[in-house]
Every structure is written in structure tokens, then in C-alpha cells.
Amino acid sequence: MKLAGVVTLYHPDDEVLGNMESYMSALDVLYVMDNTETPDPWWALWAEKQPHVKYVAFHDNKGISYALNYALKETDCDYLLTMDQDSRFFPDMILKYKRLVEEFEIEVPDKVAMYAVSYDGEAVDADSKRVRTAITSGSIVPVKIALALGRFDEALFIDEVDLEYCYRAEEKGYHIIEFPGIKMKHSIGNRTYHHLFSFTYNTLNHSAIRRYYIFRNKIYVAKRYPAVRKEYILESVKMIIKILLAEKQKVSKMKHIFVGVRDGLLGHMGKYQGK
């Protein structure tokens, strides 16, 4: 099994290299895609010393889907591990994960569009299970199938990229398989917990520009896949309530949400232009 990996950088911090080292040993090649507008030259110097690393600096934020598709088109490997810069595997997990994918592909060849891992809670001793969706980080996609499906949707730029791929794969009869026994450290947003009377809730405190993408892309995906519309409407209402109750920069975030909804309805996609 030839396994490539891709990680997308955006203003990476000091922990990113350690995160990458948690899975590099299992890869035939690692594509490091740098979306930072002014990339740190240290990364290019580091990559030159790594025989199995291919570093590409775009000198612009091209979005997560563009970076993933770049690796899909460039690699000659059969499978591609897709990682966020802030994600890491726990010890020995990546080799076990790779072995499970190999075994599953022998038993059920050419039926899975994405393999995924557990990142919410403790790993459990369990077999594989079919799931509806999975996140990009920690997933392994068969390159042949991803290319046949049309790769990741670059119109989304960021947010919903992984979910839209899963919905599209399901439409074509492919499966999304999760291995609950594989544990990965991953964080979504800056989660904080709050209390309202006897209720406890959490909010992710995404930036205003991230809220723009979240709401715009939910509109885009809901238009494309009617089955998720009710679910997405409820999720969006809950997010707005949480923002108004507990998050900072409420006015800015609500303005960006309004613009995001407008652009989603009008089909204005790609990178946010700030208008």
C-alpha cells in the first residue's frame, strides 16, 4: 500500500512539526502545502533536508480544497492521508490505521471513498463502522476514487469541504468507514463551556471571517443536497443563538453571517473578497 500524506499550513506554530512527525514514518511522501501569504523560509529549508517531503508555498491562501486537490493530482500513491496542521496521531496509531485500511481494501475493494478515525473521546476496541460523514483531518482517501468523484470542491474554499465530499460519495454508492479504535488529537475551534440556568452548552468561538465561510458553505451544500437542509437550518440557528449568548465580537460575526448567507444564496463562492 503506497500511502502519501498532505498537510496544509497556514501561519504554522511551533507544534506543527511535532504533529507531522506523528505520522510521517508511515508515508511514502508527504506534501506540505503552505497557504501562508508570506511563508516562513524555514519550512523550505527544512523540506530540502527531508527525502520524502515535497513542500509547496503558494504565497497566497488558496483554501483547503485547493491544497488537497494539488496533492491528489501530483501523487503516484494509491492512498492519501489528509491532515490539518494542528492534528496528530497518538503513538503507534498511524501504523495500525494503515494496516486496517489495507485489510479492509482486500475484503471490500473499491467501495470506500474515505476512511476516518476517532477524535472525540477515547479510542475504543471496536471494528470498523459505516458512518455518514467524516472530517478531513485524519482521513485516508483512495486516490483513484477521489479523482473519479471529481476531487474536493474548490468553490467551498474552507468548511464543509469534507462533508460535501462524503455526500457526493454516498450519492455515487461509495461508503465512509470509521475505525473507532484509532485515536487522533484534533481540535475544532476554541471551545468554551457556558451555563444557562440548568443547561450547559459549548461554543467554538470561530472568527468572524470563519463564520462567513461556515454559513455561506452550509447554504451551498444545502442547495446541492436537500436531505441535509433541515439539519443544517437547525445547526445554523443553534450557532447564532450561541454567538449571541456567549461569544465576543457579536456584531462583526453577525454581519459576516449575513454576508455569508447572501453569498451562498447568490452562488458567490471561492475566497472571501471582503465586500
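Our structure's up above, just so we're on the same page.
Now for a description of the structure that goes with this document. Bear in mind that the values here come from a model prediction, so they are computed numbers and not experimental data.

Rules used in this analysis
Residues numbered from 1 in each chain as written. Predicted model: local features only at pLDDT ≥ 70, side-chain atom pairs only at ≥ 80, totals over all residues. Heavy atoms only, no water. Helix = DSSP H or I, 4+ residues; strand = E, 2+ residues; numbered from the N terminus. Buried < 20%, exposed > 50% of the residue type's maximum accessible area, 1.4 Å probe, protein only. Core = buried A, V, L, I, M, F, W, Y, C linked by side-chain atoms within 4.5 Å. Contact = heavy atoms within 4.5 Å. Phe/Tyr/Trp six-rings, centres within 6.5 Å; stacked < 30°, edge-to-face > 60°. Lys NZ or Arg CZ within 6 Å of the ring centre and 35° of its normal.

### Some points on unusual backbone geometry
Even without being a glycine, D110 presents a positive backbone phi close to 60°. By the secondary structure assignment, D110 is in the loop between α4 (93–107) and β6 (112–118). The exposure class assigned to D110 is partly exposed, which follows from its relative accessible area of 43%. In this model, D159 sits at a positive phi of 75°, which is unusual for a non-glycine residue. On the secondary structure map, D159 appears in the loop between α5 (143–148) and α6 (161–171).

### Section: the nonpolar core
Residues L80, M114, V141, F152, Y165 and I176 are the most contacted members of the largest nonpolar core, which totals 38 residues. Mapped onto this core, the elements with two or more residues apiece are β1 (3–9), β2 (29–34), α3 (64–74), β6, α5, α6 and α7 (208–224). At six residues, the largest contribution of residues to this core is made by α6. Leaving out residues up to four positions away in the same chain, M114 has contacts with A134, I135, S139, I140, V141, P142, F152, Y165, C166, H175, I176 and I177. Formed by 32 residues, the second largest nonpolar core is a distinct cluster that contains L27, V101, V117 and M184.

### Examining the packing of aromatic side chains
In total, this model carries 16 aromatic pairs according to the counting rule given. Between Y23 and F89, the aromatic rings sit 6.4 Å apart at their centres with planes inclined by 80°, giving edge-to-face as the arrangement. With a gap of 66 residues between them, Y23 in the loop between α1 (16–21) and β2 and F89 in strand β5 (residues 88–89) connect regions that are remote in the sequence. Taken together, a centroid distance of 5.6 Å and an interplanar angle of 80° make the contact between W43 and W46 edge-to-face. Here W43 pairs with W46, and both are found in helix α2 (residues 41–48), just three residues apart, close to one helical turn. Each of the two residues, W43 as well as W46, counts as buried. What links up through ring pairs into an aromatic cluster is the set Y23, F89, Y97, F104, Y115 and F179. Just above the ring of Y66 sits the side chain of K62; from NZ or CZ to the centre is 5.5 Å. Across the ring face of Y232, the terminal group of K218 is positioned such that the distance to the ring centre comes to 4.1 Å.

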